[in-house]
Amino acid sequence: MADVCVRIAPSPTGAPHVGTAYIALFNIAYARAQGGKVILRIEDTDQTRSRRHHEDRLLSALKWLGLAWDEGPDVGGPAAPYRQSERLDQYEKYALQLVEAGHAYYSFTTPEELAAWRSRRGQGDPPPYYAERERSASQNRGRAETADSYVIRMKMPREGTGVVTDSLRGEIPFEYATIDDQIILKSDGFPTYHLAVVVDDHLMGVDNVIRGEEWISSTPKHLLLYQQLGWDPPRYTHLPLLLNPDRSKMSKRRNPTSIDYYRRAGFLPAPMLNYLALMAYPPDGEEEKFSFQQLVDRFDLGRVNLGGSVFDLDKLSWLNGRYIREDLTPEALLGEMKSWLLNDEFISGMIPLMQERMPTLGDFMPRCAFFFAREVNPSLEDLVPGKREAADAVGMLQTAVWALEELDPWSGKEIEKAVKRVADFWEWPIRDVTRPMFSAIMGQPVGPPLYESIVLLQVDMSRSRLLAAMALLGGLSKKKLKALEKKWR
Ligand code: GLU
């Protein structure tokens with residue numbers, strides 16, 4: 001039997017997400033338990049959202065956790081390149097092959113025409129089949145050569161049923177007629193996820209796809225592509241999603257989701273991995289503390305439990321505390337503290353901010369303690385500028401979160417511009433924005449300059465402080481959030 005081959009397939013479109021580490025962990029544990037191999041593939045087909053710095057941060061976050069792969073963009077391998085943006089010729093080749101075989105077709109309908117057509121559709125009309133003429137035209141190659149732009153769509157069967165076989169859930173039936181004619185090649189020449197994932201999993205020899213359950217509804221499309229291309233599909237396993245304590249899908253509005261946040265807040269890699277494993281893998285007996293190696297030694301994919309995985313920060317902190325108490329000598333703990341933030345590199349960033357603001361050396365630590373803290377305690381008074389309503393202060397802080405999230409590069413100058421943008425949006429004097437932000441970020445009335453402090457705190461910790469301050473002020477209802485977002489964007 002061929003060796004097991006799994007892949008981790010993140011899209012570099014944002015901060016390194018704990019959900020990515022969770023899926024990676026299960027893939028790697030499975031592959032290691034089977035003596036198989038792990039491929040890391042970067043799925044950067046969304047040109048508008050993919051960024052190389054997101055990829056860099058993601059790889060270093062996964063490595064910090066101690067996760068390792070056998071092939072990938074950083075280590076190379078026989079199936080290189082491992083970035084989808086560098087494999088465009090492959091996708092085009094198979095898209096054309098599908099057109100020639102009559103399984104896909106060129107579509108020239110513009111997004112505007114589509115939207116108009118959709119809005120004309122009445123209740124009870126058949127599912128959204130696009131431009132019937134295009135679908136049945138034979139190939140249209142000539143028109144594609146001269147057209148300004150076109151896409152290639154899958155010709156989904158109009159009737160019939162199929163099943164997705166999931167190694168944990170068994171057979172999940174579906175009806176073809178409910179599935180749209182998916183785009184597989186976009187007008188920019190990039191493939192969509194569906195085509196790229198199938199082509200790459202096949203060409204890279206992936207025989208086990210272990211991914212989040214949010215992809216179950218995509219699997220029928222993938223199975224059809226495998227069939228049309230004449231390839232054997234992999235075995236599919238869909239893992240349960242990470243949830244917020246209220247059982248909604250884990251999102252950065254409620255819980256910090258960036259691995260970099262946890263690293264910055266002083267969590268250690270081993271308990272993070274241990275906790276992520278517990279999210280879907282029951283301990284053998286009572287003991288919930290186990291190492292990655294112990295997990296691998298007894299790993300059985302069939303034991304993954306589908307009950308839902310609530311990510312609970314208190315429980316993670318408790319587990320982290322156990323590792324600190326039970327697994328580290330005082331010397332090792334000192335080493336951890338040093339590689340965390342108690343090092344020259346980090347502290348030297350604070351020195352120029354403090355030199356003008358410290359009558360004695362003894363004033364440094366108290367004024368800079370917020371840089372090291374997991375949380376701070378801003379006073380309500382400082383969070384709401386005089387004459388303003390608490391509700392507006394919450395809204396303002398939310399817009400500050402959005403403004404900061406978009407920054408690239410992350411620098412004092414850019415942060416200053418973002419704050420100015422927030423002040424302009426609210427038509428407030430700048431100090432009505434900076435004072436609440438200062439308090440939210442530092443939890444104290446005096447300290448080093450705001451923008452440079454935000455630079456040092458990094459985006460994830462800054463966001464979490466602004467969100468904590470918003471919660472303290474009563475938060476924002478879903479409706480208000482939506483309305484505000486519409487105005488802001
Ligand atoms: N690129 C997808 C993601 O970002 C991968 C989905 C899959 O594993 O098929 O999650």
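Above this text is the structure in question.
All of these numbers come straight from a predicted model, not from anything done at the bench.

Caption draft 1: A look at the overall build of the protein. Looking only at helices and strands, the protein features 21 helices and 11 strands. In summary, the protein has a C-alpha radius of gyration of 26 Å against a globular reference of 23 Å for 489 residues, a match within 12%. Overall, the C-alpha framework of the protein stretches about 80 × 55 × 40 Å when taken along its three principal axes. Taking all contacts inside the protein whose residues are at least 6 apart in sequence as the whole, residues at least 24 apart take part in 75%. Total accessible area on the protein is roughly 23500 Å²; 51% of this is exposed by carbon and sulfur atoms. Taking the average location of the 61 positive side-chain charges in the protein and that of its 67 negative ones, the two points are 4 Å from each other.

Caption draft 2: How the structure looks around the sheet that holds strand β4 (residues 151-154). With antiparallel pairing, the 3 strands of this open sheet are ordered in space as β3-β4-β7. Each edge of the open sheet carries a strand with a single partner, namely β3 (104-107) and β7 (183-185). Across this sheet, the average inter-strand angle for adjacent strands is 40°, counted without regard to direction. Relative to β4, β3 runs antiparallel, the two being bridged by 4 bridges. Each residue of the ladder has a partner; that of Tyr105, found in β4, is Arg153.

Caption draft 3: Spotlight on helix α15 (residues 364-372). Listed in full, the buried residues belonging to α15 are Phe364, Cys368, Phe370, Phe371 and Phe372. Against α9 (259-264), α13 (330-340), α14 (344-354), α19 (430-442) and α20 (450-472) lie the buried residues of α15.

Caption draft 4: Inspection of the site of the ligand at higher detail. Around the ligand sit Arg7, Ala9, Ser11, Glu43, Tyr193, Val197, Arg211 and Trp215, and those are all the residues in its vicinity. With respect to the ligand, the backbone of Ala9 contributes an N or O atom lying 2.8 Å from a nitrogen atom. A distance of 2.6 Å is found between a nitrogen atom of the ligand and a side-chain nitrogen or oxygen belonging to Glu43. Isolated, the ligand exposes 300 Å² of accessible area, and the fraction of that covered by the protein chains is 82%. Partitioning the shell around the ligand into residue classes produces 4 nonpolar, 1 polar and 3 charged.

Caption draft 5: A look at the pattern of salt bridges. Following the criterion strictly, the structure yields 34 salt bridges and no others. One salt bridge in this structure joins Glu406 and Arg421, with 3.0 Å as the shortest N-O distance. Taken together, the residues Glu406 in the loop between α17 (390-405) and α18 (412-426) and Arg421 in helix α18 connect sequence positions 15 residues apart. A relative accessible area of 42% places Glu406 in the partly exposed class. For the salt bridge of Arg489 with Glu485, the shortest nitrogen-to-oxygen distance reads 3.2 Å. Since its relative accessible area comes to 52%, Arg489 is described here as exposed. Its relative accessible area of 28% is what places Glu485 among the partly exposed residues. Taken together, the shared-partner salt bridges in this structure form one network comprising Arg7, Arg41, Glu43, Arg87, Asp200 and Asp201.

Rules of the game
Residues numbered from 1 in each chain as written. Predicted model: local features only at pLDDT ≥ 70, side-chain atom pairs only at ≥ 80, totals over all residues. Heavy atoms only, no water. Helix = DSSP H or I, 4+ residues; strand = E, 2+ residues; numbered from the N terminus. Rg over C-alpha atoms; globule rule 2.2 N^0.38 Å. Contact = heavy atoms within 4.5 Å. Areas by Shrake-Rupley, 256 points an atom, 1.4 Å probe, with all protein chains shown as cover. Lys, Arg positive; Asp, Glu negative; His and termini not counted. Charge placed at Lys NZ, Arg CZ, Asp CG, Glu CD. Pairing = 2+ DSSP bridges. Axes fitted to C-alpha atoms, helices over the stretch in contact; angles between N-to-C directions. Buried < 20%, exposed > 50% of the residue type's maximum accessible area, 1.4 Å probe, protein only. Near = heavy atom within 4 Å. Polar contact = N/O pair within 3.5 Å; in protein donor to acceptor, adjacent residues only side chain to side chain. Nonpolar A, V, L, I, M, F, W, Y, C, P; charged D, E, K, R; others polar. Salt bridge = Lys/Arg side-chain N within 4 Å of Asp/Glu carboxyl O.

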